[in-house]
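Chains, contacts and geometry: an overview
Here is what each chain is made of, one letter per residue.
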Amino acid sequence: MSNTNTSSGHPGNTPSGHPGSGSAPSGDASASTGSPIKVILIDDEPLARMIVLEYLQSYPGITVLQECGDGFEGIKAIQQHHPDLIFLDIQMPKINGFEMLELVETPPAVIFTTAFDEYAIRAFEAHAVDYLLKPFSKERFDKALRKWLDHHASTRSAAPAGAPGSGPTPSASGSPGNLSAPAASSTDAIASDAADRTRELLETAAQSPAQQHRIVVKTGGKIKIIPTEDIHYLEASDDYVKIHTHNGAFLKNRTMGYFEKALDPAQFVRVHRSYILNIQQVTRIDPYEKDGHLCILQSGAHVPVSKTGYVRLKEVLGL
Amino acid sequence: MSFGLTLYTSATDSVVSNTLIAASCGFISNNLQYYLPKRERYWYILIISLGLSGLILLACKGLLVPILNDPKEAVNYAQFFSKSWPVRFDIIFLQVGCMTILSVLWYSSEEEQQNRQRRSDAEKLSKEAELFKLRQQLAPHFLFNSLNSISALIGSRPEQARKMIQQLSDFLRNNLKKEEQQWVPLSEELQYLELYLDIEKVRFGHRLDTVIECDENCLGSRLPPMLLQPIVENAIKFGLYDTTESVTISIRARIEDRFIRIEVQNPFDPDTTRPKKGTGFGLTSIQRRLYLLFARADLLETHVDNNLFTTTVKIPQP
């Protein structure tokens, strides 16, 4: 492909989809700043990664640091390289794309690719997240990438003009220290906005049937998939939720509200502000203090039940 | 004559009373055909029987006395009637009551049967719809990913792209054909599976190896179409990514009693993936399909042996 350099410095001005040949869009997104944009591809199919790689050839400003065949590799690669952007497939073996993102502490910008997944698509639409449906054309790919490049460029231009090559955005690097203070605050705001969007997207995605039956946690550098029937109860613990199971407790940095939505409501009941209970585990409910109750679980654990929680519990148990 | 009545009087009495009884039985039966009380059924039977019996009795007397021309006979009959009415009432009540009960039973059972028929029709319909959906479930994902692979191959390896288009069309053609059929022979299903595996090998590169073992006498066994493919797809999905080396998926078929027994085996990593007991992974839809077809929940089994995951499916043979 010929690399025609149109309207340098403003890739966003290139009209999407030239009428003639798919002439390469200006790949100089970062040419003005000098530092290449770091990208990681995560897809379980080599050919699917190959086509993204091929499409990216017309963007000399973008460097693909690594190709990953599954979510586990993806997490490692993201933590190692702090990419600016990842291309992420949803349906992958073991953990899917959403679950992988949940486990990354500061998720980079993502362009999702998927072949067919009703729930994922519904989640993307609900949160106005751009995604590529396989197989996608070069034009469609360019459009999505250019949109991100524009956004990326505007994030960068928020930095003072004197510090162009200041490296990756804070959202990806996790080390905003190398930016001057005022820039850091404004880019942080944009980054945190993106992070919020990602979190909301993951919250919706977690309600899909594929994910409703399990929770993925990271424990001591290893990833563990907990089937929901193994869960005894969940307990709020500062910014985390403690998941109590047969094999001990695991922490996940999500809110109680998140789990209340994500878990099957016929199986899990929010019995207390700080507790969600697996009703399969209940052996006895005793009155406790003046308005409350106490649930005794098969494991022997005691879980407090609030007044409204008791009403909810009775409803689900059909009492 | 008995009770001092003439033969003519007795005969008339008998004809009139029995006609009246028959008429009320007909009335009840007809009535219940259209209206069957749901609640207080027994009270309804009692009250309607008592009421009708009383009416018959009154009508009997009201009709007979004027019919008998001879005034003496009429007086005789009136006397006889006033003595015999309790017995008559009992008998009439018994007859009418029996008829009512019989009608209620008859129409209830008829209604029940109709309901059952309707229910089974509705069930059959929803079952067919569900079976259709279960059969369809896995196709779109596979299809679009395959098209994506073709798209990737076109640039660098056009020959291979063309070959894959051929394989994919064969696969789809088979798929369409099978939607019509209820049963297919194993030999056909295995051919179809090989086609599917060839496409998967393109998608997943050289890391996928497959072994198919099948006794000669199995080849004619019948199975529901497209049952094996999702099982194998499952095995590939969970087998392929636990190691970075190549993975062998094996498929073995043999006859066992009156079943064809098919085993699909894939390696997995017990540390990162923990298959659930019963139906692990994505096998629930197959379990459901088998249940709908054979009304048995034990035809699909999974087994974990160290790092080997085995899915066994048994299909009853006629």
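Just so it is clear, the model here is predicted, and its values are computed rather than measured.

1. So, the overall build of chain B
Of regular secondary structure, chain B possesses eight helices and seven strands. Residue burial in chain B is summarised as follows: out of 318 residues, 42% are buried. Here the analysis covers contacts within chain B between residues at least 6 apart in sequence; of these, 75% occur between residues at least 24 apart. Counting only carbon and sulfur atoms, one obtains 57% of the accessible surface of chain B, whose full area is about 17,800 Å².

2. So, the overall build of chain A
Secondary structure assignment for chain A yields 10 helices and 15 strands. When each of the 319 residues of chain A is scored for burial, the buried share is 48%. Here the contacts in chain A between residues at least 6 apart in sequence split such that 55% fall between residues at least 24 apart. For chain A, the exposed surface amounts to about 14,500 Å²; the carbon and sulfur share of it is 52%.

3. Examining a nonpolar patch on the surface
Residue and element names in this part refer to chain B. Where nonpolar side chains cluster on the molecular surface, the patch consists of W43, L46, I47 and L50 and spans about 410 Å² of accessible area. With respect to the element layout, I47 can be found in helix α2 (residues 41–67). Overall, the relative accessible area of 56% leaves I47 in the exposed class.

4. With respect to the pattern of salt bridges
Throughout the structure, instances matching the rule amount to 19 salt bridges over all chains. Overlapping salt bridges, with partners in common, bring together B:R254, B:E256, B:R261 and B:E263 in one network.

5. Comments concerning the packing of aromatic side chains
Under the defined criterion, the tally for this structure stands at 19 aromatic pairs over all chains. Aromatic pair B:F142 and B:Y196: ring centres 5.0 Å apart, planes at 45°, arrangement tilted. Linking B:F142 in helix α4 (residues 139–156) with B:Y196 in helix α6 (residues 186–204), this pair joins segments that are 54 residues apart in sequence. For the pair shown, B:F142 and B:Y196 are each scored as buried. A ring pair is formed by B:F171 and B:Y192, whose centres lie 4.9 Å apart and whose planes are at 10°; its orientation type is stacked. Highlighted residues: B:F171 in helix α5 (residues 158–180) and B:Y192 in helix α6, separated in sequence by 21 residues. For B:Y192, a relative accessible area of 1% puts it in the buried group. Through pairs of rings, three or more aromatic residues link up here, namely A:Y55, A:F87, A:F136 and A:F141. One Lys or Arg, B:R222, reaches over the ring of B:W183 and ends 3.6 Å from the middle of that ring. If you follow B:K314 out to its NZ or CZ, it ends over the ring of B:F259, 5.2 Å from the centre.

6. Notes on the sheet that holds strand β15 (residues 302–305) of chain A
All names here are of chain A. On the basis of which strands lie adjacent, the open sheet formed by three strands has the order β13-β14-β15 and antiparallel pairing. One side of each edge strand has no neighbouring strand; the edge strands of this open sheet are β13 (282–288) and β15. Shown here is a sheet whose adjacent strand axes are inclined to one another by a mean of 25°, direction ignored. Across four bridges, the pairing between strand β14 (residues 292–297) and β15 is antiparallel. Counted as the bridge partner of H293 is V305 from β15.

7. Overview of the confidence of the model for chain B
Residues and elements named next belong to chain B. Looking at chain B, the pLDDT average stands at 82 and 91% of residues meet or exceed 70. Within the model, the stretch residues 277–281 combines pLDDT values under 50 with 11 contacts to residues more than four positions away or in other chains. Reported confidences for the modelled complex are a pTM of 0.65 and an ipTM of 0.71.

8. Description of the packing of helix α1 (residues 7–34) of chain B against α2(B)
Residues and elements named next belong to chain B. Direction vectors running N to C along α1 and α2 enclose 150°, while the axes themselves pass 10 Å from each other. Crossing of α1 against α2: the hand is right-handed. In this structure, α1 uses Y8, T12, D13, V16, S17, L20, I21, S24, F27, I28, N31 and L32 to contact α2, whose residues at the interface are Y44, I48, L52, I56, A59, C60, L63, L64 and I67. In the contact of α1 with α2, the residues fall into 16 nonpolar, four polar and one charged.

9. Considerations on unusual backbone geometry
Of the consecutive residues A:K134 and A:P135, the connecting peptide bond is found in the cis state with omega at -10°. Turning to its location among the elements, A:P135 is positioned in the loop between β5 (131–133) and α5 (138–157). A positive phi angle, close to 55°, is found at B:A295, a residue other than glycine. The topology assignment puts B:A295 in the loop between α8 (284–294) and β6 (300–305). A relative accessible area of 59% means that B:A295 is categorised as exposed. The residue B:N306 is not glycine, and still its phi comes out positive at about 50°. Here B:N306 is to be found in the loop between β6 and β7 (308–316).

Rules of the game
- Residues numbered from 1 in each chain as written.
- Chains lettered and ligands numbered in written order.
- Predicted model: local features only at pLDDT ≥ 70, side-chain atom pairs only at ≥ 80, totals over all residues.
- Heavy atoms only, no water.
- Helix = DSSP H or I, 4+ residues; strand = E, 2+ residues; numbered from the N terminus.
- Buried < 20%, exposed > 50% of the residue type's maximum accessible area, 1.4 Å probe, protein only.
- Contact = heavy atoms within 4.5 Å.
- Areas by Shrake-Rupley, 256 points an atom, 1.4 Å probe, with all protein chains shown as cover.
- Patch = residues over 30% accessible without salt bridge, like charges linked within 9 Å, V, L, I, M, F, W, Y side chains within 5 Å.
- Salt bridge = Lys/Arg side-chain N within 4 Å of Asp/Glu carboxyl O.
- Phe/Tyr/Trp six-rings, centres within 6.5 Å; stacked < 30°, edge-to-face > 60°.
- Lys NZ or Arg CZ within 6 Å of the ring centre and 35° of its normal.
- Pairing = 2+ DSSP bridges.
- Axes fitted to C-alpha atoms, helices over the stretch in contact; angles between N-to-C directions.
- pLDDT = per-residue confidence, 0-100.
- Left-handed = near helix turned anticlockwise from the far one by under 90°.
- Nonpolar A, V, L, I, M, F, W, Y, C, P; charged D, E, K, R; others polar.

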